[in-house]
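Listed here are the chains, written in short residue letters.
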Amino acid sequence: MKGVKIFEQELRDKNGISQGKIAIMYGGLNQENPKKYMDDAVTEYTNGKPHSQYVDIHLDNPWFRIVLSGVNDLNFEDFKDQKLWDVK
């Protein structure tokens, strides 16, 4: 879709097998209705495939979307002491 930027990353298990994908999308910056514009962009991107979509809860930022696929196939582990940034 014109005016939409995307970052995609495959979600792989420890053996390197693809389990799904995460996409961060932004666009519609100069559109009259950026929410609808991004709704349409996500619809085009997912092409009817199952996915989860995350939008700013208050729609303060309707220009960004996070789209996840394959979430049900991910190998989750117990949360222990993992940190976002492992400082060594």
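Residues numbered from 1 in each chain as written. Predicted model: local features only at pLDDT ≥ 70, side-chain atom pairs only at ≥ 80, totals over all residues. Heavy atoms only, no water.

**Quick notes on the packing of aromatic side chains**
Here a ring pair, both rings aromatic, is described through the centre-centre distance and the interplanar angle of the planes.
Next, step 1: Applying the stated rule across the entire model yields one aromatic pair.
Next, step 2: Taking 5.3 Å as the distance between ring centres and 25° as the angle between the ring planes, the aromatic pair formed by Y26 and F64 counts as stacked. Of this pair, Y26 sits in strand β2 (residues 18-27) while F64 sits in strand β4 (residues 64-69), and the two are 38 residues apart along the sequence.
Next, step 3: According to the relative accessible area criterion, F64 is partly exposed, its value standing at 39%. (Phe/Tyr/Trp six-rings, centres within 6.5 Å; stacked < 30°, edge-to-face > 60°. Helix = DSSP H or I, 4+ residues; strand = E, 2+ residues; numbered from the N terminus. Buried < 20%, exposed > 50% of the residue type's maximum accessible area, 1.4 Å probe, protein only.)

**Topic: the pattern of salt bridges**
Next, step 1: Applying the stated criterion to the full structure yields six salt bridges.
Next, step 2: Where K36 meets D40, a salt bridge forms, and the shortest distance between an N and an O atom there is 2.9 Å. Of the two residues, K36 and D40 both sit in helix α1 (residues 34-46), four residues apart, roughly one turn of that helix.
Next, step 3: The class for D40 is partly exposed, based on a relative accessible area of 33%.
Next, step 4: When salt bridges that share partners are traced, they join K35, D39 and R65 into one network. (Salt bridge = Lys/Arg side-chain N within 4 Å of Asp/Glu carboxyl O.)

**Quick look at the sheet that holds β2**
Next, step 1: Strand order in the open sheet formed by four strands is β1-β2-β4-β3, and the pairing between neighbours is antiparallel. Only two strands of the sheet have a single neighbouring strand rather than two, namely β1 (4-12) and β3 (52-54). Looking at each pair of strands side by side, their axes are set apart by 15° on average, direction ignored.
Next, step 2: Direction of pairing for β1 relative to β2: antiparallel, over a ladder of nine bridges. Each bridged residue has a counterpart across the sheet, and for E8 the counterpart in β2 is A23.
Next, step 3: On top of the sheet, α1 reaches β1, β2, β3 and β4; it is set at about 150° to β2, its chief contact. (Pairing = 2+ DSSP bridges. Axes fitted to C-alpha atoms, helices over the stretch in contact; angles between N-to-C directions. Contact = heavy atoms within 4.5 Å.)

**Describing the pairing of β4**
Next, step 1: Relative to β4, β2 runs antiparallel, the two sharing six bridges. Looking across to β4, one finds that I22 is bridged to L68.
Next, step 2: As defined by bridge partners, β3 adjoins β4 across three bridges and the pair is classed as antiparallel. Residue Y54 lies in a different strand from β4, and its bridge partner there is I66.

**Considering the side chain of T46**
Next, step 1: Structurally, the position occupied by T46 is in helix α1.
Next, step 2: Classification of T46 by relative accessible area gives buried; the value is 9%.

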